[in-house]
Amino acid sequence: RYLGSQTRTSSRYRFDRVTMVLAQDVDLMNPPKELEDRKHKLKRLVQSPNSFFMDVKCQGCFNITTVFSHSQTVVLCGSCSAVLCQPTGGKARLTEGCSFRAKQI
């Protein structure tokens, strides 16, 4: 548990001592969500992918298109041919002004 930081100063240096969370302090059957999200997708308590499908709304014509979060190609709007997202090495980067909503499976 994080108990705060205590500061100790000497003549030249300033030391901050922070109490860290020990592995024994976490309930292994019910781990906190933020702790599970930081783990690798295969090392979570229940394996789950990092990718998802999302509905992206075009900024020009407000048409909604379904896009994969890690798409490897440029996705264009079906009606106005505007660019909705650009591929990167991992997740796709949405164009400025586009809004999205993660789809529920």
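Below: a short report on this structure. (Residues numbered from 1 in each chain as written. Predicted model: local features only at pLDDT ≥ 70, side-chain atom pairs only at ≥ 80, totals over all residues. Heavy atoms only, no water.)

### Considering the environment of R101
Step number 1: Of note, R101 is situated in strand β8 (residues 99–102).
Step number 2: On the accessibility criterion, R101 (55% relative accessible area) is exposed.
Step number 3: In this structure, the C-alpha to C-alpha distance between R101 and F53, residues 48 residues apart in sequence, is 8.7 Å.
Step number 4: Setting aside chain neighbours within four positions, we find R101 in contact with F53, M54 and D55. (Helix = DSSP H or I, 4+ residues; strand = E, 2+ residues; numbered from the N terminus. Buried < 20%, exposed > 50% of the residue type's maximum accessible area, 1.4 Å probe, protein only. Contact = heavy atoms within 4.5 Å.)

### Considerations on the nonpolar core
Grouped burial of nonpolar side chains is what soluble globular proteins tend to show.
Step number 1: Core analysis: the biggest nonpolar cluster contains 10 residues, these being M54, V56, C58, V67, V75, C77, L84, C85, A92 and C98.
Step number 2: Only β3 (53–57) and β6 (83–86) provide two or more residues apiece to this core.
Step number 3: In contact with M54, other than residues within four places in its own chain, are T65, T66, V67, F68, S69, L94, F100, R101, A102 and K103. (Core = buried A, V, L, I, M, F, W, Y, C linked by side-chain atoms within 4.5 Å.)

### Focus on the packing of aromatic side chains
Step number 1: Applying the stated criterion to the full structure yields one aromatic pair.
Step number 2: Measuring from centroid to centroid gives 5.1 Å for F53 and F68, while their planes differ by 55°, and the two rings are tilted. Of this pair, F53 sits in strand β3 while F68 sits in strand β4 (residues 64–68), and the two are 15 residues apart along the sequence.
Step number 3: With relative accessibility at 31%, the residue F68 sits in the partly exposed group. (Phe/Tyr/Trp six-rings, centres within 6.5 Å; stacked < 30°, edge-to-face > 60°.)

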